[in-house]
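Coordinate analysis (summary)
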Amino acid sequence: MQIRDLGEFGLIERLNAMVTQQRRGPDNGSAHGFKLLVDTGDDTAAWVSGAATELFTTDTVVEGVHFTRETTPWPDLGWKSLASNISDIAAMGGLPLYALVTLGLPPETEVADIESLYRGMLEIGEKYGVAIIGGDMVRSPVAFITVALTGVRQGNPMQRTTAQVGDKVAVTGYVGSSGGGLKLMLEGLAAPAEAGSHLREAHRRPLPAVAEGQLLSQAGVLTAMDVSDGLADDLSKLCLASGLAARIYGEQVPAHPLLKQAFPNDYLDLALNGGEDYLLLFVAPGPVMNEVIPALPEGAAVVGEITGGPAGQVTLVSASGEEAIVSRSGWDHFG
């Protein structure tokens, strides 16, 4: 069997089972009072440390896989490489703290380009209060950036595993704009100036929903994750983790007016399947939703509900009431 036969998420599930089921003896953290709260398989790991809960996540971007220099200039690459990790911390209701950065670089890489990369990292770090405190550097045939990020919060983090039948499903803002920006650049499409600028910015400089994550957690939301691989695909992952299914109502999915202007026929597909929006997908009972939705930014909306059914199955309901099972068409490295 090859990795392509399992796919990225099948392989992740296989490795998660190995590391959780084949551990031997107590870990050093437990022995010193650092109780593990969230194990492998969520947006971050989490453990109790004194009066706080510590969070830890990591992510890698590789040239030719996640980015090209034509669509993502070096400063924007620096911004995005940190943004994806900040978004994971936001999904747990936490504050991002300290980052370690590992660079893999071809020897012919221009020093000025790496300085530009770091300027982008420092810009988003300043915006969200993240400090880069070290890292590593290696020779590589293609450029890659790995960021490991810590975070902190009080109490238990939001997780993917706590959804209940009857809960409403919502997002903290417009979805699909990043995917729209990438589509414009990859296909060389024309768009009205304002729409093109907005969509390219959404792809190159996403804004992780840290404040929104804290608002949700404080309001009693227990279940959340960030939208990195596409709304439909990420909702499927959340449902799989909770052992449940979901319905999405197409007419309720929030797409920005400028995305609709640029892609009048494709905006719903982009909203459902476009990745790297880095806002939050969350699940809560109706009364909690009624409290939090008005407090969230423009575009926040209830898009569906959690149901019984095959774990991970997501059904799209059209405006006319027609139903279709949504295939997992989000990003898969080996799919």
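First, a word on what this report is: a plain description of the structure on this page. (Residues numbered from 1 in each chain as written. Predicted model: local features only at pLDDT ≥ 70, side-chain atom pairs only at ≥ 80, totals over all residues. Heavy atoms only, no water.)

Scanning the protein chain from N- to C-terminus turns up 11 helices and 13 strands. Against the 2.2 N^0.38 benchmark of 20 Å for 335 residues, the protein chain shows a C-alpha radius of gyration of 20 Å, consistent with a compact globule. For the protein chain, the spread of C-alpha atoms along the three principal axes comes to 55 × 55 × 45 Å. The buried share of the protein chain, taken over its 335 residues, is 49%. (Helix = DSSP H or I, 4+ residues; strand = E, 2+ residues; numbered from the N terminus. Rg over C-alpha atoms; globule rule 2.2 N^0.38 Å. Buried < 20%, exposed > 50% of the residue type's maximum accessible area, 1.4 Å probe, protein only.)

It is worth spelling out the nonpolar core at this point. Counting 45 residues, the largest nonpolar core has I86, I145, L216 and F282 as the members making the most contacts within it. Elements represented by at least two residues in this core include exactly β3 (52–62), α3 (74–91), β4 (95–105), α4 (111–128), β6 (144–153), α7 (210–218), β10 (280–284) and α11 (286–292). Element by element, the count of residues in this core is highest for α3, at nine residues. Each residue touching L216, except ones within four places of it in the same chain, is listed here: M158, T172, V221, L280, F282, V292 and L296. By size, the runner-up hydrophobic cluster in this structure holds 34 residues, among which are V175, L231, C239 and L259. (Core = buried A, V, L, I, M, F, W, Y, C linked by side-chain atoms within 4.5 Å. Contact = heavy atoms within 4.5 Å.)

What follows covers α4. Here α4 spans 26 Å end to end across 18 residues, near enough to the 26 Å set by a 1.5 Å rise per residue. All of the buried residues along α4 are I114, S116, L117, G120, M121, I124, G125 and Y128. Phi for G129, located one or two positions after α4, is positive at around 75 degrees. (Expected span 1.5 Å × (residues − 1).)

On to the pairing of strand β11 (residues 301–307). Counting buried positions along β11 yields five of seven residues, so the element is predominantly enclosed. Bridge count for strand β7 (residues 168–171) against β11 is four bridges, and the pairing is antiparallel. By the bridge assignment, V169 is partnered in β11 with G304. The sheet contact formed by strand β9 (residues 245–249) and β11 spans four bridges and is antiparallel. Bridged to I248 within β11 is G304. (Pairing = 2+ DSSP bridges.)

What follows covers the sheet that holds β11. Read from one edge to the other, the open sheet built from seven strands follows the order β8-β10-β7-β11-β9-β12-β13, with strand pairing classed as mixed. Either end of the sheet is taken by a strand with one partner, and the two such strands are β8 (223–226) and β13 (323–325). Geometrically, the sheet is characterised by an average inter-axis angle of 25 degrees between neighbouring strands, direction not taken into account. Here β7 pairs with β10 via four bridges, running antiparallel. Paired with A170 across the strands is F282, a residue of β10. (Axes fitted to C-alpha atoms, helices over the stretch in contact; angles between N-to-C directions.)

Turning our attention to the sheet that holds β3. Taken together, the six strands give an open sheet; going across it, the order is β1-β2-β3-β6-β4-β5, and neighbouring strands pair in mixed fashion. Edge strands, defined here as strands with exactly one partner in the open sheet, are β1 (36–38) and β5 (131–139). If you compare each strand with its neighbour and ignore which way they point, the axes differ by 20 degrees on average. Judged from the eight bridges that link them, β4 and β6 form a sheet pairing that is antiparallel. Bridge pairing links T102 to T146 in β6. The sheet strands contacting α4 are β4, β5 and β6, and the helix crosses β4 at an angle near 170 degrees.

A complete count under the given rule lists zero aromatic pairs for this structure. Above the face of the Y128 ring, K127 is positioned so that its terminal group lies 6.0 Å from the ring centre. (Phe/Tyr/Trp six-rings, centres within 6.5 Å; stacked < 30°, edge-to-face > 60°. Lys NZ or Arg CZ within 6 Å of the ring centre and 35° of its normal.)

This paragraph deals with the pattern of salt bridges. The tally for this structure, following the rule as stated, stands at 13 salt bridges. Across the pair D233 and K237 runs a salt bridge, and its minimum N-O distance is 3.7 Å. Here K237 and D233 lie together in helix α8 (residues 231–242), a separation of four residues that amounts to about one turn. As far as burial versus exposure is concerned, D233 and K237 are alike and both buried. For the salt bridge of R247 with E305, the shortest nitrogen-to-oxygen distance reads 3.5 Å. Here R247, found in strand β9, pairs with E305, found in strand β11; they are 58 residues apart in sequence, far enough to count as distant. In this structure R247 comes out as partly exposed when scored by relative accessible area, which is 21%. Since its relative accessible area comes to 21%, E305 is described here as partly exposed. A single salt-bridge network, built from bridges that share partners, covers K168, R247, E305 and E323. (Salt bridge = Lys/Arg side-chain N within 4 Å of Asp/Glu carboxyl O.)

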